[in-house]
Amino acid sequence: KAHVVRIGDSPYAPIFEVIEKPSAWERSLAQTRKDAETGKDAFSDVRTAFWTRYLERHPEAEAEGIKVQRGWNGYTRLADGDVLISVWIGERTAGIYVRGGWGERKHAAADRLGPHADILARKLGFETYNPEPNGHLFGERFPKSYQDESNWPEIIDWMEERRKLYVAAIS
C-alpha cells in the first residue's frame, strides 16, 4: 500500500507498506525453480555423498576421471575422448557401459572398437557383442540402488572392479 508524506516544505516522499507477503507455496515454488536451474533434486546430495565415498574407497579412480558430483554418471575417457567408460547409479540399479563422445562423436566408440568387438566381448565376459541402438556398448547392470547407503560398498567395489577391467581390455 502506498502513502505519501511531507515534512514541512520538503518534497513529497513515498512510503510503502507491505500488505501481502509470499506464501509458503510461493517460496517452495521459487526453491523448486532454483533447484531445477542448478540441477539439484531430492537425491543430488545423496549422489554427491555416493561419489565422495567412491573416491574415499578408490582414490586412484580420480586420476582416471571419476569425480565428486551431483550427477548419475562418472566417466573415464580413452582414445582422445572417442571412448567413454561410464559407471552410473540409478534408482533401482547401478551399472557400467561404453559409449562414444557427445554430438558428432556419439558413435566414435563403435567405430573404433567395432573391429575388435568379439575379442573385447570375451575379455569382458560377454558371450557375444550386442551394441545398443543408443550407441552404448557392453552394458552391465548391478541389482542394487544407490539410494540405500548400505549398498554403497558393494556397488562401489563392483563398479571399480568392472571399470578397471574395461580400461585394461579397451586399452
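Up top is the structure.
The structure displayed is predicted, hence computed values, not measured ones.

Tracing the backbone through its elements, the reader meets Arg 163 in helix H5 (residues 152-170). Sequence-distant contacts of Arg 163, defined by excluding residues within four places in its chain, comprise Tyr 54, Ala 61, Glu 64, Ile 66, Thr 76, Ile 85, Val 87 and Ile 96.

Further remarks concern the environment of Gly 65. Assignment of secondary structure puts Gly 65 in the loop between helix H2 (44-57) and strand E3 (73-78). Accessibility expressed as a relative area gives 35% for Gly 65, which makes it partly exposed. Between the C-alpha atoms of Gly 65 and Tyr 75, which are 10 residues apart in sequence, the distance is 5.8 Å.

Once that is clear, we can look at H5. If you check H5, its first and last C-alpha atoms are 26 Å apart, about what 19 residues at 1.5 Å a residue would give, namely 27 Å. Of the residues making up H5, those classed as buried are Trp 152, Ile 155, Ile 156, Trp 158, Met 159, Glu 160, Arg 162, Arg 163, Tyr 166, Val 167, Ala 169 and Ile 170.

What follows covers the pairing of E3. With 6 bridges connecting them, E3 and strand E4 (residues 83-89) associate as antiparallel partners. Bridging across to E4, Tyr 75 finds its partner in Ser 86. The hairpin formed by E3 and E4 contains 4 residues between the paired strands, and Ala 79 there has a positive phi angle of roughly 55°.

As a further point, take H2. In this model H2 runs 20 Å from its N-terminal to its C-terminal C-alpha over 14 residues, within 8% of the 20 Å that 1.5 Å per residue would give. Regarding H2, the residues found buried are Ser 44, Arg 47, Phe 50, Trp 51, Tyr 54 and Leu 55. Seen along its axis, H2 keeps its buried residues to an arc of 130°; they face one direction. Turned more than 90 degrees from where H2 packs its buried face, Asp 45 and Glu 56 sit exposed.

Across all of its chains, the model carries 8 aromatic pairs by this definition. With 5.1 Å between their ring centres and 85° between their planes, Phe 50 and Trp 51 make a pair best called edge-to-face. Assessed through its relative accessible area of 0%, Phe 50 is described here as buried. Seen from their ring centres, Tyr 75 and Trp 102 are 5.2 Å apart, and the 80° between their planes marks the pair as edge-to-face. A residue pair is termed long-range when its members are at least 10 positions apart, and Tyr 75 in strand E3 and Trp 102 in the loop between strand E5 (94-99) and helix H3 (108-113) qualify at 27 residues. Three or more aromatic residues joined by ring pairs form one cluster here, namely Phe 50, Trp 51, Tyr 54 and Trp 152. If you follow Arg 6 out to its NZ or CZ, it ends over the ring of Tyr 12, 4.9 Å from the centre. A cation over an aromatic ring shows up here: Arg 99 above the ring of Trp 102, its NZ or CZ 4.7 Å from the ring centre.

Rules and cut-offs
Residues numbered from 1 in each chain as written. Predicted model: local features only at pLDDT ≥ 70, side-chain atom pairs only at ≥ 80, totals over all residues. Heavy atoms only, no water. Helix = DSSP H or I, 4+ residues; strand = E, 2+ residues; numbered from the N terminus. Contact = heavy atoms within 4.5 Å. Buried < 20%, exposed > 50% of the residue type's maximum accessible area, 1.4 Å probe, protein only. Expected span 1.5 Å × (residues − 1). Pairing = 2+ DSSP bridges. Arc of directions from axis to C-beta. Phe/Tyr/Trp six-rings, centres within 6.5 Å; stacked < 30°, edge-to-face > 60°. Lys NZ or Arg CZ within 6 Å of the ring centre and 35° of its normal.

Read these as layout, nothing more, since geometry by itself doesn't imply function.
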